Amino acid sequence: MTHPLSSFGQFPGTRLRRMRRWDWIRGMVQETQLSASNLIWPIFVIEGTGRTEPIATMPGVERMSIDLATIAAQRAVELGIGAIAIFPVTPASKKTERGDEALVSENLICTATRAIREKCQDKLGIVCDVALDPYTTHGHDGIMIDNTIVNDLTVEVLCKQAVLQAQAGASVIAPSDMMDGRVGAIRTALDQAGFEHVILMSYAAKYASAFYGPFRDAVGSAKNLGGASKKTYQMDPANTDEAIREVALDIQEGADIVMVKPGMPYLDIVRRLHDSFSIPIAVYQVSGEYAMLRFAAQASALSEEACVLESMLAFRRAGADAILTYFAPRVAEWLAKE
Ligand code: PBG
């Protein structure tokens, strides 16, 4: 007797649900895996000792002084997290038109890098962000002359900033400024200074996104920017072919890892880059994405653990190797108990 549903293609001979019946078979055929070693944990560092400050728009994330950041870094090592990314919260009194504090070797990011490197040795990657926005009074990533962010002059400063960070012990230099030609220039500057082993992770496809709002609160650049946009250097969210050009150029210039940012709204870009290039890809689940998930969880609209882990898997499935996320320590804890 023929099956009543046999007119529908290969059914009933083929039943995909057979492969979903038990944990062991689901585990066996799972196409994507996530581990703590895929994670990069961004942290915000402030002056002082024994100090933390809450960030209203990012509940659960705190700015911390360097001594506490060092303890956090040691926790990252224990949790098996691959790397941390340090973002300095520069006091307003140290911000200038040109962002001079970026080139002070005792500044927050370099001091934090030295302290963490000393404690954690080579058990943890330390990512240092290269851009001027934590240090400028106007909050832009580059030097501003006549209301224009001047490309080549900015790149010269970024090269010096990168070398200083490498001297402090950075394992990864991550230019997030989106100036043209900065990857090649920084690679040359690092090599000339004897840092040919330092990894270059470029924010290659970084979009002019409204999802960075809470980050700008966290580092205090929101009021400096005063509503100004970064559209003259960050990418237009409408574009995808342009991401291919950005990444192709960064690879030519010597990038070791290319990043897509933001994350969840840009999974198509991650997938496209993964299909087009053979290079490790990082994705940044940015502050606004963190806030969306976190506030929804606080309101009991979403299960935090399930949704965050699902978002991590989505990044890996799209083709990302590394994931920058403020959830990193929590994700690592959830994975450890599984
Ligand atoms: C600064 C920088 C930004 C982020 C990382 N580095 C903000 C910006 O470009 O304005 C955003 C990170 C986040 O939103 O979590 N160059």
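For the structure, check the block above.
Here goes a summary of the coordinates provided. Because the structure is a prediction, the values reported are computed rather than measured.

## Some words on the side chain of Ser-311
For step 1, the next point in the chain: Within the element layout of this structure, Ser-311 appears in helix 11 (residues 304-318).
For step 2, the next point in the chain: Classification of Ser-311 as buried rests on a relative accessible area of 2%.

## With respect to the packing of aromatic side chains
For step 1, the next point in the chain: As enumerated under the stated definition, the model contains 10 aromatic pairs in all.
For step 2, the next point in the chain: Plain terms: the ring middles of Phe-87 and Phe-215 are 5.1 Å apart, the flat faces sit at 90° to each other, and that makes the pair edge-to-face. Of this pair, Phe-87 sits in strand 4 (residues 83-88) while Phe-215 sits in helix 6 (residues 213-218), placing them 128 residues apart in sequence.
For step 3, the next point in the chain: Given the relative accessible area of 4%, Phe-87 is considered buried.
For step 4, the next point in the chain: An aromatic cluster is present here, built from Phe-44, Phe-87, Tyr-203, Phe-215, Tyr-284, Tyr-290, Tyr-326 and Phe-327 joined pairwise through their rings.
For step 5, the next point in the chain: The ring of Tyr-212 has Lys-261 lying over it, and the distance from NZ or CZ to the ring centre is 4.5 Å.

## A word on the packing of helix 9 (residues 267-276) against helix 11
For step 1, the next point in the chain: One can describe the packing of helix 9 onto helix 11 by two numbers: an axis separation of 8 Å at closest approach and a directional angle of 30°. Across the interface between the two elements, Leu-267, Val-270, Arg-271 and His-274 from helix 9 touch Ala-314, Phe-315, Arg-317 and Ala-318 from helix 11.
For step 2, the next point in the chain: Taken together, the residues that form the contact of helix 9 with helix 11 break down as five nonpolar, one polar and two charged.

## Things to note about the state of the cysteines
In a disulfide, the sulfur atoms of two cysteines are covalently bonded to one another.
For step 1, the next point in the chain: A full pass over the atoms with the stated rule returns zero disulfides.
For step 2, the next point in the chain: In this structure Cys-110 is not part of a disulfide, and its nearest cysteine sulfur, from Cys-128, lies 6.6 Å away.
For step 3, the next point in the chain: For Cys-110, a relative accessible area of 1% puts it in the buried group.
For step 4, the next point in the chain: Looking at the unpaired Cys-159, the closest cysteine sulfur is the one in Cys-110, lying at 15 Å.

## Re a nonpolar patch on the surface
For step 1, the next point in the chain: Taken together, Met-19, Trp-22, Trp-24, Met-28 and Val-29 make up a surface patch of nonpolar side chains, about 560 Å² in accessible area.
For step 2, the next point in the chain: Inspection of the secondary structure assignment puts Val-29 in helix 1 (residues 23-29).
For step 3, the next point in the chain: On the basis of relative accessibility, which here comes to 38%, the residue Val-29 falls in the partly exposed class.

Cut-offs used in this document
- Residues numbered from 1 in each chain as written.
- Predicted model: local features only at pLDDT ≥ 70, side-chain atom pairs only at ≥ 80, totals over all residues.
- Heavy atoms only, no water.
- Helix = DSSP H or I, 4+ residues; strand = E, 2+ residues; numbered from the N terminus.
- Buried < 20%, exposed > 50% of the residue type's maximum accessible area, 1.4 Å probe, protein only.
- Phe/Tyr/Trp six-rings, centres within 6.5 Å; stacked < 30°, edge-to-face > 60°.
- Lys NZ or Arg CZ within 6 Å of the ring centre and 35° of its normal.
- Axes fitted to C-alpha atoms, helices over the stretch in contact; angles between N-to-C directions.
- Contact = heavy atoms within 4.5 Å.
- Nonpolar A, V, L, I, M, F, W, Y, C, P; charged D, E, K, R; others polar.
- Disulfide = S-S within 2.5 Å.
- Patch = residues over 30% accessible without salt bridge, like charges linked within 9 Å, V, L, I, M, F, W, Y side chains within 5 Å.
- Areas by Shrake-Rupley, 256 points an atom, 1.4 Å probe, with all protein chains shown as cover.
- Salt bridge = Lys/Arg side-chain N within 4 Å of Asp/Glu carboxyl O.

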